[in-house]
Amino acid sequence: MKNFHVVLEAAWLVRDVKTADDAIGVAISEAGKRLNPKLDFVEVDVGSTSCPACGEPFSSVFVAANTALVGLIFEMKVFDAESAEHAERIAKSVIGKSLRDIPLTVVEVTEFERSVEKGEQQQKGKAKK
């Protein structure tokens, strides 16, 4: 079994905001409320988009008529998945249960090695003695 870091993207609609910064704050707050306390291991951040003219990245926020569309990024680690596709399905299922009616798109899936925790190292050291 392998461990994966899964990054998902979602479009979050925020009403009655004047600025992009307000929209970002509201979107992250609303997403955090839906995810916590059960899914406090899921990281929430604002996505970035490349400028079509210059190629520079900027925050994925569009505000028009006091309504904003904010691109949010959700990151989580999936342990003991059979494959990258399996990890994607697990992440979409876990996050999707809390974010009903919010479409999720997979941005990136990377495999990582699980580091041994300090307590586990001590237990292994005691077992060998």
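Preceding block: the structure.
Here's what I pulled together on the structure shown here. (Residues numbered from 1 in each chain as written. Predicted model: local features only at pLDDT ≥ 70, side-chain atom pairs only at ≥ 80, totals over all residues. Heavy atoms only, no water.)

1. A word on a nonpolar patch on the surface
To keep things clear, this is the line we draw: A patch is a set of surface residues, each over 30% in relative accessible area and not in a salt bridge, joined within 9 Å for like charges and within 5 Å for the nonpolar side chains Val, Leu, Ile, Met, Phe, Trp and Tyr. Computed by Shrake-Rupley with a 1.4 Å probe, the accessible areas treat only the displayed protein chains as cover when residues are assessed. Each salt bridge in this description consists of a side-chain nitrogen of Lys or Arg and a carboxyl oxygen of Asp or Glu lying within 4 Å of one another. Labels follow the DSSP assignment, with helices taken as runs of H or I lasting at least four residues and strands as runs of E lasting at least two, numbered in each case from the N terminus. Throughout this description, buried means an accessible area under 20% of the type-specific maximum (1.4 Å probe, protein chains only), exposed means over 50%, and partly exposed covers the range between.
Together, Leu13, Phe62 and Leu69 give the surface a local cluster of nonpolar side chains, amounting to about 310 Å² of exposed area. Looking at the secondary structure, you find Phe62 in strand 5 (residues 61-64). By relative accessible area, which is 57% here, Phe62 ends up exposed.

2. Observations regarding the nonpolar core
Under the convention used in this document: Only buried residues count toward a nonpolar core, which is a set of Ala, Val, Leu, Ile, Met, Phe, Trp, Tyr and Cys residues joined through side-chain atoms within 4.5 Å. Residues are treated as being in contact if the distance between any of their heavy atoms lies within 4.5 Å.
Of all hydrophobic cores here, the largest spans 29 residues; its most connected members are Trp12, Val70, Leu72, Phe74, Ile95 and Leu99. Those elements that place two or more of their residues in this core are strand 1 (2-15), helix 1 (20-35), strand 6 (67-81) and helix 2 (84-98). It is strand 6 that provides the largest number of residues to this core, a total of 7 residues. Leaving out residues up to four positions away in the same chain, Val70 has contacts with Ala10, Ala11, Trp12, Val14, Ala23, Ile24, Ala27, Ser60 and Val61.

3. Side note on the side chain of Asn3
Put simply, the rule reads: Polar contact is defined as a pair of N or O atoms within 3.5 Å, subject to the rule that within protein one atom must be able to donate a hydrogen and the other to accept it, and that residues adjacent in sequence are counted only when both atoms are side-chain atoms.
Relative to the helices and strands, Asn3 resides in strand 1. From its side chain, Asn3 meets the backbone nitrogen of Asp80 in a polar contact 3.1 Å long.

4. Let's talk about the side chain of Ser60
Considering the arrangement of structural elements, one finds Ser60 in the loop between strand 4 (57-59) and strand 5. At 2.5 Å, the side chain of Ser60 and the side chain of Thr49 are in polar contact. Setting aside residues no more than four positions away along its own chain, Ser60 makes contact with Val46, Gly47, Ser48, Thr49, Leu69, Val70 and Gly71.

5. As for the environment of Phe112
Looking at the secondary structure, you find Phe112 in strand 7 (residues 104-112). Apart from residues no more than four positions distant in its own chain, Phe112 is found in contact with Asn3, Phe4, His5, Lys77 and Phe79.

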